Amino acid sequence: MANAYLQGVEISASQFLDIFHHYDHDGNGYIEGKELQNFIRELQQARKQAGLLVQILPTEENFLLFFRQQLKSCAEFMEAWRNYDADHSGYIEADELRNFLKDLLQRAKKPYDEKKLEEYTLTTLKIFDSNKDGKLCLSEMARLLPDQENFLLKFQGVKMARKEFNKIFELYDQDRNGYMDENELDALLKDLCEKNNKVLEVSKIPTYKSAIMALSDGGKLYRTELALVLCAEEM
């Protein structure tokens, strides 16, 4: 499917959406998991076969591949999230997303103009804003990461209701100072892995911990920050 469009020509946004819908097998409005991996793999294959940069948008960059090249780990992604969620609302809104993409392009020394930057912003929202509220929550934006780096996919299965989350937070905030440090988070993650051993891996605790602590304020992980990962409801 992608090869039919991607052999040596720039495609339109409507053609890109045709490709997108082709890979959205379950029709839920977004590509995730194996759907996204298949999509990215075919884009990479098409680029290699064509011997040029594959265009998935009417811009100079292949956005999905470009993003993955810039943020290679979940910890980097979480740190970027904290930096660009300027109002600490738990969401990246359109203006924050625009600043994020702008800085990403500047850091990579890639040329762009305001029109193309706007296209990136609107298209990212259109693809990844699954509930169409005009902003991206952490789990929505994290779908840009490769599956092997995206521990948040695993944590989707262990998220809890707000009441249960608050009890858990208070239990593991052992000194009652209103935040968790690395040791307290480590104890929580060990217990979560033991309880949910079919989903979470004990061997990955250092990875989980470093990524989650990237959301913290100087090593202080507050309730609202941990809630982005573990709470199924808005705080």
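Residues numbered from 1 in each chain as written. Predicted model: local features only at pLDDT ≥ 70, side-chain atom pairs only at ≥ 80, totals over all residues. Heavy atoms only, no water.

> Just give me the short version of the overall build of the chain, but keep the residues and values in it.
Counting its regular elements, the chain contains 13 helices and four strands. Counting across all 235 residues of the chain, residues that qualify as buried make up 44%. Element-wise, carbon and sulfur atoms account for 48% of the exposed surface of the chain, whose accessible area totals about 11,900 Å². (Helix = DSSP H or I, 4+ residues; strand = E, 2+ residues; numbered from the N terminus. Buried < 20%, exposed > 50% of the residue type's maximum accessible area, 1.4 Å probe, protein only. Areas by Shrake-Rupley, 256 points an atom, 1.4 Å probe, with all protein chains shown as cover.)

> So, helix α11 (residues 182-195): which residues are in play, and what are the values?
An ideal rise of 1.5 Å per residue puts 20 Å on 14 residues; α11 measures up with 20 Å between its terminal C-alpha atoms. Residues E184, L185, D186, L188, L189, L192 and C193 constitute the buried set of α11. Tucked into the core, α11 has its buried residues touching α9 (152-155), α10 (162-172), β3 (179-180), α12 (205-213), β4 (221-222) and α13 (223-230). Regarding α11, its N-cap is D181, as a side-chain oxygen of that residue lies 3.1 Å from the backbone nitrogen of N183 further along. (Expected span 1.5 Å × (residues − 1). Contact = heavy atoms within 4.5 Å. Polar contact = N/O pair within 3.5 Å; in protein donor to acceptor, adjacent residues only side chain to side chain.)

> Please give an account of the UniProt feature "domain: EF-hand" (unreviewed entry) in the chain that cites residues and values.
Cross-referencing UniProt, the feature "domain: EF-hand" (unreviewed entry) maps to residues 11-46, 72-107 and 160-195 in the present numbering. A distance of 14 Å separates the end C-alpha atoms of residues 72-107, which is 69% helix and 8% strand. Helix makes up 69% of residues 160-195 and strand 6%. Its end C-alpha atoms lie 13 Å apart. (UniProt positions renumbered as here; feature names shortened; annotations may be inferred.)

> Please set out the packing of aromatic side chains residue by residue, giving values where relevant.
Inspection of every chain in the model, using the stated rule, returns four aromatic pairs. Ring geometry for Y179 against Y222: centres 5.6 Å apart, planes inclined by 65°, an arrangement best described as edge-to-face. One end of the pair, Y179, is in strand β3; the other, Y222, is in strand β4, with 43 residues separating them in the sequence. In this structure Y179 comes out as buried when scored by relative accessible area, which is 19%. K135 extends its terminal NZ or CZ atom over the ring of Y91, reaching a point 4.2 Å from the ring centre. (Phe/Tyr/Trp six-rings, centres within 6.5 Å; stacked < 30°, edge-to-face > 60°. Lys NZ or Arg CZ within 6 Å of the ring centre and 35° of its normal.)

> So what's going on with the environment of K195? Which residues, and what values?
Within the secondary structure, K195 sits in helix α11. Residue classification places K195 among the exposed positions, given a relative accessible area of 66%. The spacing of K195 and V158 is 37 residues in sequence and 9.5 Å in space, taken between C-alpha atoms.

> Got a sec to walk through the nonpolar core? Specific residues and values, please.
In this structure, F77, M78, M141, F151, F155, L226 and V229 are the most contacted members of the largest nonpolar core, which totals 53 residues. If we ignore the near neighbours within four places in the chain, the residues touching V229 are M78, L138, F151, L152, F155, K159, I212 and L215. (Core = buried A, V, L, I, M, F, W, Y, C linked by side-chain atoms within 4.5 Å.)

> Quick one: what's the story with the pattern of salt bridges, residue by residue and with numbers?
As enumerated under the stated definition, the model contains nine salt bridges in all. One salt bridge in this structure joins R223 and E170, with 3.6 Å as the shortest N-O distance. Taken together, the residues span a long stretch of sequence, with R223 in helix α13 and E170 in helix α10 at a distance of 53 residues. The partly exposed category is assigned to E170, whose relative accessible area is 40%. Bridged by salt links that share partners, the residues R82, D217 and E225 form one connected network. (Salt bridge = Lys/Arg side-chain N within 4 Å of Asp/Glu carboxyl O.)

> Quick one: what's the story with the environment of L71, residue by residue and with numbers?
Relative to the helices and strands, L71 is located in the loop between α4 (63-70) and α5 (74-84). Residues contacting L71, with those up to four places away along its chain left out, are E76, F77, A80, F100, R107 and L145.

> Tell me about the confidence of the model for the chain, and please be specific about residues and values.
Summing up the model confidence of the chain, the mean pLDDT is 79 and the portion of residues at 70 or higher is 70%. Below pLDDT 50 for its whole length, residues 4-11 participates in 27 contacts with residues either more than four positions away or in separate chains. Confidence over residues 49-61 falls short of pLDDT 50; this stretch has 48 contacts with residues more than four positions distant or in other chains. (pLDDT = per-residue confidence, 0-100.)

> If you had to explain the packing of α10 against α11 to someone new, which residues and values would you point to?
Where α10 contacts α11, the axes come no closer than 9 Å and their chain directions differ by 130°. Compared by their axis directions, α10 and α11 come out oblique. The interaxial crossing formed by α10 with α11 has right-handed handedness. Residues E164, I168 and Y172 of α10 touch α11, and the partners they reach there are E184, A187, L188, D191 and K195. (Axes fitted to C-alpha atoms, helices over the stretch in contact; angles between N-to-C directions. Parallel < 35°, antiparallel > 145°, perpendicular 65-115°, else oblique. Left-handed = near helix turned anticlockwise from the far one by under 90°.)

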